[in-house]
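The primary structure of each chain is shown beneath.
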Amino acid sequence: MFNPTRSPVRKSVIAGNWKMYKTQTEAAEFLQGFLPLLEETPGDREVVLCVPFTDLEILSRSLHGSSVRLGAQNVHWEPAGAYTGEISAPMLTELAVRYVIIGHSERRQYFGETDETVNKRIRATQSAGLVPILCVGETKQQRDRGETESLICQQIEAGLIGVDQGNLVIAYEPIWAIGTGDTCECNEANRVIGLIRSRLNNPNVPIQYGGSVKPDNIDEIMSQPEIDGALVGGASLQPESFARIVNYQAI
Ligand code: 13P
């Protein structure tokens, strides 16, 4: 159903982030259950699966000819080199990857990702013709201290230095809402996303909400005029729940 409150220029992007879940066998099983549930999915939304590197090849083959796009969860900024354990953008393009999540809070928190490395990864992603999904978001402590706005603006400003805003998705993921079942109130997510948009040169960048998105809250989330999609963790692991999210109906 078309949501009349959202600008028709902005595409809705619903992306699953599988994080470190699913072997190739499990990924293939997921697709068998998931793809048949997309027969009625409206064409106004892009559906993306951001999967572990080891699942990319099998999904790339299985998704050939489907409208579902493939995404990775990170990328290095150099095209090749002595960087043990890293994956480069050309390696992803060869597998028909289209999107790359960059700067997820779990990478910032556990793997030392900074605004500077995030920026380098985004630029490398774009240079290879891929679409970065830049993640930003505050901790509970930062929110309680009233730092949400300044932190988000800093992450956006530093992350987007030298970046083409015509080839970009942003995800607002309040860290306290990730994996907790504690979804950000829709109007608050809408407000912060509006703030992010006000800092951009291109107001048509799709901006997603992420954090405990579920089948029972997606319709309300997608009814917010500033929210252009969702980045979904736990609820993207089951075909039925992710299909229900993808097939959202804005209220
Ligand atoms: P959950 O949907 O499990 O809260 O995870 C959100 C997330 O981190 C998506 O990138």
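Preceding block: the structure.
Along each chain, the written sequence defines residue order, and numbers are assigned to residues from 1. Reporting of local features is limited, given that this is a predicted model, to residues whose pLDDT is at least 70; pairs of side-chain atoms are given and counted only at 80 or more, and all residues count toward the totals for whole chains, interfaces and linings. Each side-chain value is derived from all of the structure's non-hydrogen atoms; neither hydrogens nor water enter the calculation.

**Brief notes about the packing of helix α1 (residues 24–34) against helix α10 (residues 239–246)**
Inference 1: In this analysis, axes come from line fits to C-alpha atoms, helices being fitted only over the stretch in contact, and the angle between any two N-to-C directions falls in the range 0 to 180 degrees. Runs of H or I in DSSP of at least four residues are treated as helices and runs of E of at least two as strands, each being numbered from the N terminus. Direction vectors running N to C along α1 and α10 enclose 50°, while the axes themselves pass 9 Å from each other. Judged on the interaxial angle alone, α10 and α1 are oblique. Once α1 is placed against α10, the crossing between them reads as right-handed. Judged by residue contacts, F30, G33 and F34 of α1 engage P239, F242, A243 and V246 from α10.
Inference 2: Residue composition of the contact of α1 with α10, grouped by class: six nonpolar, one polar and no charged. Working rule for angles: under 35 degrees goes down as roughly parallel, over 145 as roughly antiparallel, 65 to 115 as roughly perpendicular, anything else as oblique. Working rule for handedness: look at the near helix, and if it is turned counterclockwise from the far one by less than a right angle, call the crossing left-handed; if clockwise, right-handed. Throughout, a residue-residue contact means that at least one pair of heavy atoms, one from each residue, lies within 4.5 Å. Gly counts as polar in this scheme, as do all residues outside two lists: the nonpolar Ala, Val, Leu, Ile, Met, Phe, Trp, Tyr, Cys and Pro, and the charged Asp, Glu, Lys and Arg.

**A short note on the packing of aromatic side chains**
Given two aromatic rings, one states the distance between the centres and the angle between the planes to describe the pair.
Inference 1: Think of it this way: a Phe, Tyr or Trp ring, Trp meaning its six-membered ring, pairs with another when their centres are within 6.5 Å, and the plane angle makes it stacked under 30 degrees, edge-to-face over 60, tilted otherwise. For the structure shown, the criterion picks out four aromatic pairs.
Inference 2: Centre to centre, the rings of W18 and F30 are 4.9 Å apart; their planes meet at 75°, and the pair counts as edge-to-face. Linking W18 in the loop between β1 (12–17) and α1 with F30 in helix α1, this pair joins segments that are twelve residues apart in sequence. Side by side, W18 and F30 carry an identical accessibility label, which is buried.
Inference 3: Ring centres 6.5 Å apart and planes at 90° place the aromatic pair Y110 and F111 in the edge-to-face group. Pair check on accessibility: Y110 and F111 agree, each one exposed.
Inference 4: Over the ring of W18 we find K22, and its NZ or CZ is 5.4 Å from the ring centre.
Inference 5: Over the ring of Y99 we find R98; its NZ or CZ atom is 6.0 Å from the centre of that ring. For the exposure calls, accessible area comes from a 1.4 Å probe over protein chains only, and a residue counts as buried if that area is under 20% of its type's maximum, exposed if over 50%, partly exposed in between. Here, a charge over a ring is recorded when the distance from Lys NZ or Arg CZ to the ring centre is within 6 Å and its angle to the ring normal is within 35 degrees.

**Re the site of the ligand**
Inference 1: The ligand sits among 13 residues. The nearest are H104, E173, G179, S212 and G234.
Inference 2: The term polar contact refers here to a pair of N or O atoms within 3.5 Å; inside protein, the definition further demands a hydrogen-donor-capable atom paired with an acceptor-capable atom, and it admits residues adjacent in sequence only when both atoms are side-chain atoms. In this structure, an oxygen atom belonging to the ligand sits 2.6 Å away from a main-chain N or O atom of G179.
Inference 3: At 2.9 Å, a backbone N or O of G233 approaches an oxygen atom of the ligand.
Inference 4: In terms of residue class, the shell around the ligand is made up of four nonpolar, seven polar and two charged. A cutoff of 4 Å decides nearness: a residue is near a molecule or strand if any of its heavy atoms lies inside that distance of it.

**Description of the environment of V169**
Inference 1: Relative to the assigned elements, V169 resides in strand β6 (residues 169–172).
Inference 2: The class for V169 is buried, based on a relative accessible area of 3%.
Inference 3: For the pair V169 and S105, spaced 64 residues apart in sequence, the C-alpha to C-alpha distance is 16 Å.
Inference 4: Excluding anything up to four places from it in sequence, V169 contacts V13, Y99, V131, P132, I133, L134, V205, P206 and Q208.

**Comments concerning the packing of helix α5 (residues 115–127) against helix α7 (residues 148–159)**
The geometry of a pair of packed helices is captured by two quantities: the angle between their axes and the separation between those axes.
Inference 1: Where α5 meets α7, the axes come as close as 8 Å, and the angle between the chain directions of the two elements is 45°. Considered as vectors, α5 and α7 are oriented oblique to each other. As α5 packs across α7, the resulting crossing turns out to be right-handed. Within the contact between the two elements, α5 uses D115, N119 and I122 and α7 uses Q154, Q155, A158 and G159.

**Comments concerning the pattern of salt bridges**
Inference 1: Salt bridge, as applied in this entry: a Lys or Arg side-chain nitrogen positioned within 4 Å of an Asp or Glu carboxyl oxygen. Under the definition given, this model contains 19 salt bridges.
Inference 2: Of the charged contacts in the structure, one is a salt bridge between E188 and R143, with a shortest N-O distance of 3.0 Å. Residue E188 is found in helix α8 (residues 186–198), and its partner R143 is found in helix α6 (residues 140–144); the two are separated by 45 residues along the sequence.
Inference 3: E188 gets classed as buried once you look at its relative accessible area, which sits at 18%.
Inference 4: R197 serves as the salt-bridge partner of E226, at 2.7 Å between the closest nitrogen and oxygen. Here E226, found in the loop between α9 (218–221) and β8 (229–232), pairs with R197, found in helix α8; they are 29 residues apart in sequence, far enough to count as distant.
Inference 5: According to the relative accessible area criterion, E226 is partly exposed, its value standing at 23%.

Geometric values such as these leave the question of function open.
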